[in-house]
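Breakdown of the fold
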Amino acid sequence: MAEPVPAAPAPADPWRGRLAAYRALLGAQARSQAAYRTSFVVDLVGNVGATLFDVLTVLVIFGVTRELGGFTLRETLVVVGLSAFAFATADLLIGNIERLPRYVRTGLFDAVLVRPLGALPQLVLMDLPVRKVSRALFGLAVLVFAVGSAGIDWTPGRVALLVVAPLAAVVFFGSVFVATATISFYWIDSAELANSVTYGGRDFTSYPVTVYGGWFRALFAYGMGFAFVSYHPALALLGRADPLGLPAWVGWASPGVALVAAGVAAAAWRVGIRHYRSTGS
Amino acid sequence: MALLRMEGNGVGSVTATVPLPTSTNVILWFRTFGAIAASGFRRYATYRQAAVAGVVTNTVFGFLRCYVLLAAAGAAGSVGGYDRAQLATFVWVGQGLLAVILLWGWTDLADRIRTGEVAADLLRPVHPVTSYLATDLGRAGWAAVTRLLPPVLTGPLFFDVYLPRRPATPALFVVSVLIAVVLCFGCRYLVNATAYWLHDVRGPMILWTLGAGVLAGLYFPLRFLPDPVLVPLWLLTPFPSLLQTPLDVLVERDPAATQLTLVGLQLGWAVALLALCRLVQRRAERRMVVQGG
């Protein structure tokens, strides 16, 4: 994707405190993105389009089949909504960490490291893609529509789950973004490799895991934990038993899984940064 | 006549769209074209890590899409006119073709326009559309080896795939892929060329990335769509000719006559888009001002 080299962030002034420095980074980024006004508007629309097409794909597939992996369209849309909202929000907040390979390759990461601010928050704020706000909002709309039309039997527990599960899923996707980005500390041309887990995870979580089979399902759903993003919370919301036989409380496990994922991602980031050696360019 | 105004350094009417004496020699033209294509092949052959990473990604998405489409086929065993084996072939070959036609991620021309380096391309005695096309064919050759083969070989290990039964199909498939590469190049060139007017091509690029993926048949076979949507899409836009046509040819979705018609339509689009590329390039050169020297 053609994205201009980000504007050089305002130099961090050690006397003004970290918060001001971060705010300056964010402000510079917002201004540079809005500089090309037409492109910014197309960006806003285009980012909605990405999620729109994901939803459209589900609708088209349900146009030619009644059920998918034992789930109806209404039930599947709850899965889609959880996944779409969580991925878009994580992508907005942390997703641009996926540009780390470019920073490592061009040596810009050296500049980030010598500044008296945390490397991860800098990278995130330097590039915070304001244009992706539209997509997160659209994801939220899909989620709201889906749970509204799925005929859910609301209990206080389910209302709480509806709040907690999407947030846990955001944390989970954010952790996946950070963890996969660290590969670039070892393997510079790894951008696409990370995509297979981040965007692959998004696609995986857009359908009930009963759709998949064999070791592939075991690896993505439980090995990496993607089943807890949307599938199990959706089962708990819908009050359906898991066709694969896991107990009902698993639907509530997503915050725990998200915390574990965040821990793994933080550890991977620390180890990765220590391993980092400048490309020297 | 198109003029490239290089203000400030006195170069008057040097332009790539005026045929120079060298390009009238057909043999020499082919030799030049071949040399540029070979250099394109070599250039992309240096990105080995990227090729491996790309193959892994295509393979993961191969599994994802294959499982979803097979689930759609369900117990009935067929959907949209494809049986399970045809769906598997459609998905896995599609994942490979994606990199051969290079649907996404080509911003070479736009970057050179933004930085002004495109001025150097215009000074060469080869038309820019021709030289970029040659490079792209070389790139596609490299991708056919490194990006198409792995998913095509991986798919059959895990799924029952469909192998063509008519003797003419493999040859027609190769022709169709070749046309798809040229057509996709034309589309990408036009999207990139908007940089002559817009400077920042992020917007058009996003629209292209979104539109091309879904309308070319990557996310789901376009035959899933109802006819009132499908027919105009196929006839009036180049998108289905990018992926859906070669894949439908390979899995023999239609009788031989229909296959030929679809490939003919594809060829028409490719010729039209290349002509449009040259037209756009000429218009761009007429208004372009290269700053500095």
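Residues numbered from 1 in each chain as written. Chains lettered and ligands numbered in written order. Predicted model: local features only at pLDDT ≥ 70, side-chain atom pairs only at ≥ 80, totals over all residues.

Details of helix α12 (residues 254-275) of chain A
All names here are of chain A.
- For α12, which comprises 22 residues, the first-to-last C-alpha distance of 31 Å matches the rise-based estimate of 32 Å (1.5 Å per residue) to within 8%.
- Ser254, Val257, Ala258, Ala261 and Ala265 are the residues of α12 that are buried. Projected down its long axis, α12 carries its buried residues within an arc of 95°, all on one side. When the buried face of α12 is taken as reference, the exposed residues oriented beyond 90 degrees from it are Gly256, Gly263, Ala267, Arg270, Val271 and Arg274.
- Against the buried residues of α12 lie α8 (156-181) and α11 (231-238). (Helix = DSSP H or I, 4+ residues; strand = E, 2+ residues; numbered from the N terminus. Expected span 1.5 Å × (residues − 1). Buried ≥ 20, exposed ≤ 12 C-beta atoms within 10 Å, placed from the backbone. Arc of directions from axis to C-beta. Contact = placed C-beta atoms within 7 Å.)

Topic: helix α6 (residues 119-126) of chain A
- Residues of α6 of chain A that are buried: Gln122, Leu123, Val124, Leu125 and Met126 of chain A.
- Where α6 of chain A is buried, its residues touch α1 (17-35), α4 (100-106) and α5 (108-114) of chain A.

Concerning the confidence of the model for chain B
Residues and elements named next belong to chain B.
- On average, residues of chain B carry a pLDDT of 88, and 90% of them reach 70 or more.
- Scored below 50 in pLDDT, residues 1-13 shows 20 contacts in the model against residues more than four places distant or in partner chains.
- What the predictor reports for the complex is a pTM of 0.86 with an ipTM of 0.86. (pLDDT = per-residue confidence, 0-100.)

What about the nonpolar core?
- Core analysis: the largest hydrophobic core is formed by 166 residues, its most contacted members being Leu82 and Phe172 of chain A together with Val181, Leu183 and Leu242 of chain B.
- For this core, the element with the highest residue contribution is helix α7 (residues 169-193) of chain B, accounting for 14 residues.
- Not counting the four nearest positions on each side in its chain, Leu183 of chain B is found in contact with Pro238, Ser241, Leu242, Gln266, Trp269, Ala270 and Leu273 of chain B. (Core = buried A, V, L, I, M, F, W, Y, C linked by C-beta atoms within 7 Å.)

Examining the environment of Ala258 of chain A
Residues and elements named next belong to chain A.
- Residue placement: Ala258 occurs in helix α12.
- For Ala258, a count of 25 C-beta atoms within 10 Å corresponds to the buried category.
- Ala258 has contacts with Ala168, Val171 and Phe172, leaving out every residue within four places of it along the chain.

As for the environment of Ala73 of chain B
All names here are of chain B.
- Among the secondary structure elements, Ala73 is positioned in helix α2 (residues 48-73).
- When the C-alpha atoms of Ala73 and Asp248 are compared, they prove to be 17 Å apart, with 175 residues separating the residues in sequence.
- Leaving out residues up to four positions away in the same chain, Ala73 has contacts with Ser78, Val79, Arg84 and Leu87.

What to know about the interface of chain A and chain B
- The partner chain B presents 35 residues to the 36 residues of chain A that form the contact.
- Going through the elements one at a time, α2 (37-64) and α9 (191-205) of chain A are the ones with two or more residues in the side of chain A that touches chain B.
- Sort the elements by how many residues they give to the side of chain A that touches chain B and α2 of chain A lands first, with 13 residues.
- Taken together, the residues that form the side of chain A that touches chain B break down as 18 nonpolar, 13 polar and five charged. (Nonpolar A, V, L, I, M, F, W, Y, C, P; charged D, E, K, R; others polar.)

Focus: the environment of Pro101 of chain A
All names here are of chain A.
- With respect to the helices and strands, Pro101 occurs in helix α4.
- C-alpha separation for the pair Pro101 and Ile188, spaced 87 residues apart in sequence, amounts to 5.7 Å.
- Setting aside residues no more than four positions away along its own chain, Pro101 makes contact with Ser184, Ile188, Asp189, Ser190 and Ala191.

Section: the packing of α2 of chain A against helix α3 (residues 73-93) of chain A
Residues and elements named next belong to chain A.
- Running from N to C, α2 and α3 point in directions that differ by 165°, and their axes come no closer than 11 Å. With respect to α3, the axis of α2 lies roughly antiparallel. Between α2 and α3 lies a crossing whose hand is right-handed. Contacts from Thr51, Asp54, Val55, Val58 and Phe62 of α2 reach α3 at Leu73, Thr76, Val80, Ala84 and Ala88.
- A per-class count over the contact of α2 with α3 returns seven nonpolar, two polar and one charged. (Axes fitted to C-alpha atoms, helices over the stretch in contact; angles between N-to-C directions. Parallel < 35°, antiparallel > 145°, perpendicular 65-115°, else oblique. Left-handed = near helix turned anticlockwise from the far one by under 90°.)

Observations regarding unusual backbone geometry
All names here are of chain B.
- Even without being a glycine, Leu102 presents a positive backbone phi close to 55°.
- Secondary-structure assignment places Leu102 in the loop between α3 (84-100) and α4 (108-115).
- Owing to 19 C-beta atoms within 10 Å, Leu102 belongs among the partly exposed residues under this scheme.
- Even without glycine at this site, Glu252 takes up a positive phi of about 50°.

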